[in-house]
Amino acid sequence: MHLGASGNLFAMARQLRLQETEAEKRLWCRLRNNQLGVKFRRQHPIYTYVVDFYCHSCGLVIEVDGLVHSTKESEFNDSVRTKAFTEFNIEVIRFTNYEVLFDIETVLDKIKTSIKKFQLE
């Protein structure tokens, strides 16, 4: 479930849980307590990363990206990260803060589609 994440990463994840963005808070309110039929964890350490949300049973990572992710360097880093997860058979879906804050129902529909896709496999 953690794919060898270090102790330092667990400490970082705990800190990030205390500093979540408004978009992360809103999405977590809709994911927590198995509301979509599966368990999600927030700020979860995997491999050498901390992901925003993770469903182990579906192998699904959900990332909520702010403006910092719109730079070329961040886009490259995000693609490297996504490739690493793909090698572990983990799907990554990304949403912007704007999408979560202003169109959460569409975000949830996309997440439900990914969950259903996994359940059909």
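Residues numbered from 1 in each chain as written. Predicted model: local features only at pLDDT ≥ 70, side-chain atom pairs only at ≥ 80, totals over all residues. Heavy atoms only, no water.

Moving on, we get to the overall build of the chain. Along its length, the chain carries five helices and four strands. Taken from N to C terminus, the helices and strands of the chain fall in the order α-α-β-β-β-α-β-α-α. Among the 121 residues that make up the chain, the fraction classed as buried is 38%. Long-range contacts, defined as pairs at least 24 residues apart, comprise 63% of the intrachain contacts of the chain with a sequence gap of at least 6. Accessible area of the chain: about 7,300 Å², with a carbon and sulfur share of 53%. (Helix = DSSP H or I, 4+ residues; strand = E, 2+ residues; numbered from the N terminus. Buried < 20%, exposed > 50% of the residue type's maximum accessible area, 1.4 Å probe, protein only. Contact = heavy atoms within 4.5 Å. Areas by Shrake-Rupley, 256 points an atom, 1.4 Å probe, with all protein chains shown as cover.)

Backbone geometry places N34, a non-glycine residue, at a positive phi of 60°. The topology assignment puts N34 in the loop between α2 (22-31) and β1 (41-46). Since its relative accessible area comes to 43%, N34 is described here as partly exposed.

This part takes up the nonpolar core. In terms of nonpolar packing, the biggest core is built from 21 residues, with L27, L31, F40, L60, I62 and I111 touching the most fellow members. Among the nonpolar cores identified, the runner-up in size contains nine residues, and V51, V61, A84 and F85 belong to it. (Core = buried A, V, L, I, M, F, W, Y, C linked by side-chain atoms within 4.5 Å.)

Turning our attention to the sheet that holds strand β3 (residues 60-65). Taking strand neighbours across the sheet as the criterion, the four strands line up as β1-β2-β3-β4 in an open arrangement whose pairing is mixed. The open sheet has two edge strands, β1 and β4 (91-96), and neither has a second partner. For this sheet, the mean angle separating the axes of adjacent strands, direction not counted, is 45°. Seen against the sheet, helix α3 (residues 72-87) touches β1, β2 (49-55), β3 and β4 and runs at an angle of roughly 55° to β2. Each of β3 and β4 touches helix α5 (residues 104-120); the most contacted strand, β4, lies at about 175° to it. (Pairing = 2+ DSSP bridges. Axes fitted to C-alpha atoms, helices over the stretch in contact; angles between N-to-C directions.)

On average, residues of the chain score 88 in pLDDT, and 89% of them are at 70 or above. Per-residue pLDDT, averaged within each element of the chain, yields its smallest value for helix α1 (residues 7-18) (78) and its largest for α2 (97). (pLDDT = per-residue confidence, 0-100.)

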